[in-house]
Amino acid sequence: MMRKAGEERDRMGKIKIREVDESEITRTIIKKALEEWLNLTETDVIIAGAGPSGLTAATYLAKAGLRTLVLERRLSPGGGIGGGGMLFHKVVIQSPADEIAREMGCRLEEVGDGLYTADTVEVITKLASSAIEAGAKIILGVTVEDLIYRSPPPKIVGVVIQWTAVVESGLHVDPIGVKAKAVIDCTGHQAEVITVASEKIPELNLFVQGEKSMWASKAEELTVEKTGEVCEGLYVAGMAAASLHQTPRMGPIFGGMLLSGRKVAELVIEKLLRRQG
Ligand code: 48F
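Everything numeric here is computed off the predicted structure, so don't read it as measured data.

S.K.: Explain the packing of helix H2 (residues 52-63) against helix H9 (residues 255-274) here, please?
M.R.: When two helices pack together, you describe them by how their axes are tilted relative to each other and by the distance separating the axes. Interhelical geometry of H2 versus H9 gives an angle of 40° and a closest axis separation of 7 Å. Of the possible angle classes, the one that applies to H2 and H9 is oblique. Crossing of H2 over H9 shows right-handed handedness. Packed against H2, whose contacting residues are Pro52, Ser53, Thr56, Ala57, Tyr60 and Leu61, the element H9 presents Met257, Leu258, Gly261, Arg262, Val264, Ala265, Val268 and Ile269 at the interface. When the residues that make up the contact of H2 with H9 are grouped by side-chain class, the tally is 10 nonpolar, 3 polar and 1 charged.

Structure representation (structure tokens):
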């Protein structure tokens, strides 16, 4: 019988599993989660949304040595990747974003000159594990519901967060604030963080116009072009940039999301690391 190192069996050959006390499990979870949260109350970069743009940005930011926290409302990363195209389990990625996907470990199948496809679950897991291995922290079940700001001149210095379960229950529970040197809205089509900023910080003069109808190529190009700093401390990437700047949607092609995530990471790195020497 194959026996793994450290695996003990009783006389009947049954695997002996370590006994655990319920309170030990509880203590471990609370202690370790709180230890991490205490270190996350003030960080370098907060990314709202763990879709393709957010996960890509997180990988490059963490690789550059910035303390990067990704807050995702749902209980799984991936955003719109999981739905593929109308639930068909494939996404399409075009050059030059295939290089980014490969760098993250995605296996791509070439289906045309410079056009590639990949399985949705593979893209989600590889983007998420790249971000984690680079050192980013992804926390699920947390909704970014507002911003922390200073003025004048207006400057974003953090986010206001709440458990998604609390938001959805409708209970009145005060949220908490987490500070960061840069906040990136990667919340997708709704551009939720920028929308809150436009409603609650009028001096920013922001207006979220909403995306236009589909035009895949133009949309990919413009999403990357419009990715960038919105005001001091606040950045936008992915479909949130399309919503803010009223550029077209592109459907289930993801090259622009990866390029947008990389671009916003480069801008933040430039601002936080290079310009400060
Ligand atoms: O929607 P999503 O995938 O955004 P993206 O990175 O990519 C867009 C594409 O998936 C696709 C497309 C082009 O290929 O059209 O739609 O721009 O990921 C956004 C993530 O943000 C989370 C949401 O659950 C999703 O996983 N999210 C949205 N609002 C919040 C949030 C919020 N307020 N706080 C935390 N997470």
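S.K.: Sorry, what's going on with the pattern of salt bridges here?
M.R.: When their charged atoms lie close together, side chains carrying opposite charge are able to pair. Within the structure shown, the criterion is met by 22 salt bridges. With a closest N to O distance of 3.1 Å, Glu35 and Lys32 form a salt bridge. Here Glu35 pairs with Lys32, and both are found in helix H1 (residues 22-40), just 3 residues apart, close to one helical turn. You can call Lys32 partly exposed: its relative accessible area is 44%. Close ionic contact of Asp44 with Lys181 constitutes a salt bridge, the shortest N to O distance being 2.9 Å.

Cut-off values and rules
Residues numbered from 1 in each chain as written. Predicted model: local features only at pLDDT ≥ 70, side-chain atom pairs only at ≥ 80, totals over all residues. Heavy atoms only, no water. Axes fitted to C-alpha atoms, helices over the stretch in contact; angles between N-to-C directions. Helix = DSSP H or I, 4+ residues; strand = E, 2+ residues; numbered from the N terminus. Parallel < 35°, antiparallel > 145°, perpendicular 65-115°, else oblique. Left-handed = near helix turned anticlockwise from the far one by under 90°. Contact = heavy atoms within 4.5 Å. Nonpolar A, V, L, I, M, F, W, Y, C, P; charged D, E, K, R; others polar. Salt bridge = Lys/Arg side-chain N within 4 Å of Asp/Glu carboxyl O. Buried < 20%, exposed > 50% of the residue type's maximum accessible area, 1.4 Å probe, protein only.

Functional significance is not addressed by these values, which are geometric in nature.
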